[in-house]
Structure formats: structure tokens, C-alpha cells
Amino acid sequence: MEFPFDLAPVLGERFCVVDQHLRPAGRRGPAHRGDLEQQLRTVIDELGKASAKAQGLPSPVTSATRMETNRHVLYIMRDTEGRGAPKGAVIGFLKVGYKKLFLLDRAGAHIEAEPLCVLDFYIHESLQRHGYGRELFHHMLQSERVEPWRLAVDRPSGKLLAFLHKHYGLVDAIPQVNNFVIFEGFFSNRPGDPPPPPAPQAPRGADQALFPIGARLPAGGGGASVALQPQPGPRGGVPGARQPPTLPPTPGPGWSRGARAPPPPLQLSRARRPLSPTAGPWGGARVCWGLWGAP
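Residues numbered from 1 in each chain as written. Predicted model: local features only at pLDDT ≥ 70, side-chain atom pairs only at ≥ 80, totals over all residues. Heavy atoms only, no water.

A few words on the overall build of the chain. Scanning the chain for helices and strands turns up 6 helices and 9 strands. Carbon and sulfur atoms make up 54% of the accessible area of the chain, which totals about 20,600 Å². (Helix = DSSP H or I, 4+ residues; strand = E, 2+ residues; numbered from the N terminus. Areas by Shrake-Rupley, 256 points an atom, 1.4 Å probe, with all protein chains shown as cover.)

The following block contains the structure:
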């Protein structure tokens with residue numbers, strides 16, 4: 001699409017990105033700023049009219065006035081090679097923007113989302129089927145950092161659906177009641193990805209090892225576990241453990257029924273000091289006397 005003015009100061013390089021501020025790419029001083037802004041508005045209005053005519057719409061959905069009142073982004077692709085147009089020509093444009101939508105999944109559940117939406121897409125009729133549409137669309141995906149199956153398309157035409165199917169493999173469309181179309185994989189990571197497998201159970205580590213009551217941890221156990229000594233119960237046992245039955249002492253020689261059982265043998269504590277090399281006939285008794293201060 002050709003224009004009667006030079007497009008280089010208006011659109012700049014091959015791809016021109018325009019938002020609601022409508023700032024032209026050229027900067028030639030304040031005297032020419034008004035002229036460039038007016039020329040940019042003319043380019044946007046003419047592109048919107050051509051897109052509406054190609055899609056058979058009653059009125060354009062893209063215009064400079066609509067751009068000022070919405071937070072949309074317009075990607076304009078310019079012919080920098082000068083194919084028969086000394087002042088340059090516009091190949092096409094792509095308009096996107098984020099919208100809050102209520103979408104339906106395959107199961108019919110309503111999900112509120114705010115995806116990036118394709119709102120208008122147009123390539124001049126004389127330049128179609130030359131790879132320009134894919135080049136423009138790919139530039140938008142890289143700039144917005146979004147995957148194609150994450151997009152929602154507003155009222156896509158048959159040509160646009162065929163374009164998405166051919167270049168990005170988007171086949172299984174999920175129509176919505178709000179005239180938007182999303183594709184399989186919109187609610188997942190990738191189209192056709194299987195559900196993630198369940199996380200495997202972690203093996204029992206050293207801090208979960210089972211040890212007998214009162215047993216010591218083996219050396220090199222990692223230091224993560226602490227062996228706790230069980231607290232004695234009301235009768236000296238471990239709480240909750242079954243206590244063995246108390247048996248009477250074994251009767252010795254000369255014991256008769258009815259007699260009192262003899263006391264258990266006295267347990268002597270081991271001496272803390274080593275035995276003297278001149279121990280007498282009493283052996284350990286002499287050591288005990290030494291501890292108690294006897295001569």
C-alpha cells in the first residue's frame with residue numbers, strides 16, 4: 001500500500017511498533033513533529049479500512065482514534081526495498097492487545113484469563129503468499145514473548161485459521177461464546193502434552209531410619225538423626241511397652257514353704273582406683289578401706 005509522503009521518517013525501520021501514544025519513528029525537530037503524527041494517523045486509518053474491506057466488515061476495527069482509547073499495540077511492516085514505490089510502501093500490520101476474557105475449556109468449565117489477543121491482521125493483497133505474513137507474525141511473537149497456542153484470536157477468518165494451521169500447527173480450535181477462538185494447549189504447557197507423572201516417593205533417609213529402643217546410631221550416619229533415650233514409665237519401663245512379669249526369687253538350700261525369701265546378693269560397685277600391687281589376703285576389701293580412709 002503506497003502513500004503520497006515518505007514513510008521512512010514516519011515508520012522508521014522495517015518494523016514499526018505503535019501504541020496508544022501514536023508516536024512516529026522519525027525525530028526531525030518540533031516543527032515537523034505535528035506533520036509526522038498526522039501522517040502516522042493517516043497510515044493507521046487507511047490500513048484499518050483496507051483490512052475491514054478484505055474481511056467484509058461493515059466498519060474498520062483499527063483506526064487512530066481507537067488506538068488512542070485502548071492499550072493496543074500495532075506492528076506495521078514497511079517495504080524498505082522500494083519495490084516500485086520511491087517513497088516506500090506498507091506491506092501490512094498486526095494489532096494485538098491484552099483482554100480479560102471468560103473462556104471455556106474442553107470440559108465446559110468457565111475460566112477467567114487475560115491472554116494476548118490477535119485483534120486485526122492484514123497483508124496487502126498484492127503481497128500475500130510471499131512469506132511476509134509469517135515474518136510479521138513471528139516478529140510479534142518474539143517481541144511479546146508469547147507462544148502461538150497462548151493467543152486468543154478475535155473473530156478469525158478462514159484465511160487466518162489456515163495461516164495458523166500451516167505455520168504453527170494450531171488445528172484443534174476451541175470456539176468461545178464471545179467470538180474469540182483459542183486452541184488446544186491454551187490451558188497447558190504445550191499442545192498435546194501428557195499430564196505430568198506423579199512425583200515419586202522419596203526413599204527413607206537416614207533421619208527416618210528405625211532403630212531399637214535405646215540403640216546407638218552407627219558412625220557416619222550423616223548427623224541428621226538424633227537417637228533419643230526413651231523415658232522410663234511409672235514402673236521403670238518404657239511407656240507403651242509390655243513389661244515382663246515379675247518372678248519371685250529362686251529359693252536356695254534350706255528354704256521351706258512359708259519362710260521369707262532371702263534377699264538378693266549384694267552388688268558391690270567396682271572400685272574407682274586400681275588395685276594396689278601389695279594387696280593383702282583381703283584383695284578388694286583392702287582397696288575399699290583405702291577409699292574410706294582406713295589405715
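There is more to say after this.
Pairing analysis gives 4 bridges linking strand E4 (residues 101–104) to strand E5 (residues 110–113), with the strands arranged antiparallel. Residue pairing in the sheet places Phe102 in a bridge with Glu112 of E5. Between E4 and E5, which pair antiparallel one after the other, the connecting turn spans 5 residues, and Gly108 there sits at a positive phi close to 90°. (Pairing = 2+ DSSP bridges.)

Time to look at the side chain of Gln176. Turning to its location among the elements, Gln176 is positioned in the loop between strand E8 (173–175) and strand E9 (180–183). Looking at Gln176, its side chain comes within polar contact range of the main-chain nitrogen of Leu104, at 2.6 Å. Those residues within four positions of Gln176 in sequence are excluded, and the remaining contacts are Phe102, Leu103, Leu104 and Ile182. (Polar contact = N/O pair within 3.5 Å; in protein donor to acceptor, adjacent residues only side chain to side chain. Contact = heavy atoms within 4.5 Å.)

Next up on the list: the sheet that holds E8. Taken in spatial order, the 7 strands of this open sheet run E1-E2-E3-E6-E7-E9-E8, and their pairing is mixed. Each having just a single partner strand, strand E1 (15–18) and E8 make up the two edges of the open sheet. Across the sheet, the axes of successive neighbouring strands diverge by a mean angle of 30°, strand direction being ignored. For strand E3 (residues 89–98) and strand E6 (residues 116–123), the ladder comprises 7 bridges, and the chain directions are antiparallel. Paired with Val96 across the bridge in E6 is Val118. (Axes fitted to C-alpha atoms, helices over the stretch in contact; angles between N-to-C directions.)

Here we take up the packing of aromatic side chains. One pass over the full model with this rule turns up 8 aromatic pairs. Plain terms: the ring middles of Phe137 and Tyr168 are 5.4 Å apart, the flat faces sit at 45° to each other, and that makes the pair tilted. Linking Phe137 in helix H4 (residues 132–144) with Tyr168 in helix H5 (residues 158–168), this pair joins segments that are 31 residues apart in sequence. Each member of the pair Phe137 and Tyr168 is classed as buried. A ring pair is formed by Phe186 and Phe187, whose centres lie 5.0 Å apart and whose planes are at 80°; its orientation type is edge-to-face. Owing to a relative accessible area of 7%, Phe186 belongs among the buried residues under this scheme. Since its relative accessible area comes to 37%, Phe187 is described here as partly exposed. Ring pairs connect the aromatic residues Phe121, Phe137, Phe163 and Tyr168, which therefore count as one cluster. (Phe/Tyr/Trp six-rings, centres within 6.5 Å; stacked < 30°, edge-to-face > 60°. Buried < 20%, exposed > 50% of the residue type's maximum accessible area, 1.4 Å probe, protein only.)

Core analysis: the largest hydrophobic core is formed by 26 residues, its most contacted members being Leu94, Phe121, Phe137, Met140, Leu151 and Leu164. Elements with a contribution of two residues or more to this core: strand E2 (73–79), E3, E6, H4, H5 and E9. In terms of residues, this core owes the most to one element, H4, which gives 5 residues. Once residues lying within four places of it in the same chain are set aside, the contact partners of Phe137 are Leu94, Val118, Phe121, Leu151, Phe163, Leu164 and Tyr168. (Core = buried A, V, L, I, M, F, W, Y, C linked by side-chain atoms within 4.5 Å.)

Attention now goes to the pattern of salt bridges. Here the structure, examined in full by the defined rule, presents 5 salt bridges. Among the ionic pairs, Glu184 bridges to Arg106, the shortest N-O distance being 3.0 Å. Here Arg106 lies in the loop between E4 and E5 and Glu184 lies in the loop between E9 and helix H6 (284–292), a separation of 78 residues in the sequence. Where Asp154 meets Arg155, a salt bridge forms, and the shortest distance between an N and an O atom there is 3.3 Å. Residue classification places Asp154 among the buried positions, given a relative accessible area of 18%. Judged by relative accessible area, Arg155 falls into the exposed class, the value being 53%. (Salt bridge = Lys/Arg side-chain N within 4 Å of Asp/Glu carboxyl O.)

Assignment of secondary structure puts Val96 in strand E3. For Val96, a relative accessible area of 1% translates into the label buried. Setting aside its immediate chain neighbours within four residues, Val96 contacts His72, Val73, Tyr75, Leu116, Cys117, Val118, Leu119, Met140 and Glu144.

Let us now look at H4. With 13 residues, H4 should reach 18 Å at 1.5 Å per residue; the first-to-last C-alpha distance of 18 Å fits that figure. For H4, the set of buried residues is Tyr132, Gly133, Leu136, Phe137, Met140, Leu141 and Glu144. Of the surrounding elements, those touching the buried residues of H4 are E1, E2, E3, E6 and H5. A positive backbone phi angle near 55° is found at Arg145, which sits one or two residues after H4. (Expected span 1.5 Å × (residues − 1).)

Let us now look at the packing of H4 against H5. Between H4 and H5, whose axes approach to 12 Å, the crossing angle comes to 75°. Comparing their axes, H5 and H4 come out roughly perpendicular. Mapping the contact onto sequence places Gly133, Arg134, Phe137, His138 and Leu141 in H4 and Phe163, Leu164, His167 and Tyr168 in H5. Residues of the contact of H4 with H5, tallied by class, amount to 5 nonpolar, 3 polar and 1 charged. (Parallel < 35°, antiparallel > 145°, perpendicular 65-115°, else oblique. Nonpolar A, V, L, I, M, F, W, Y, C, P; charged D, E, K, R; others polar.)

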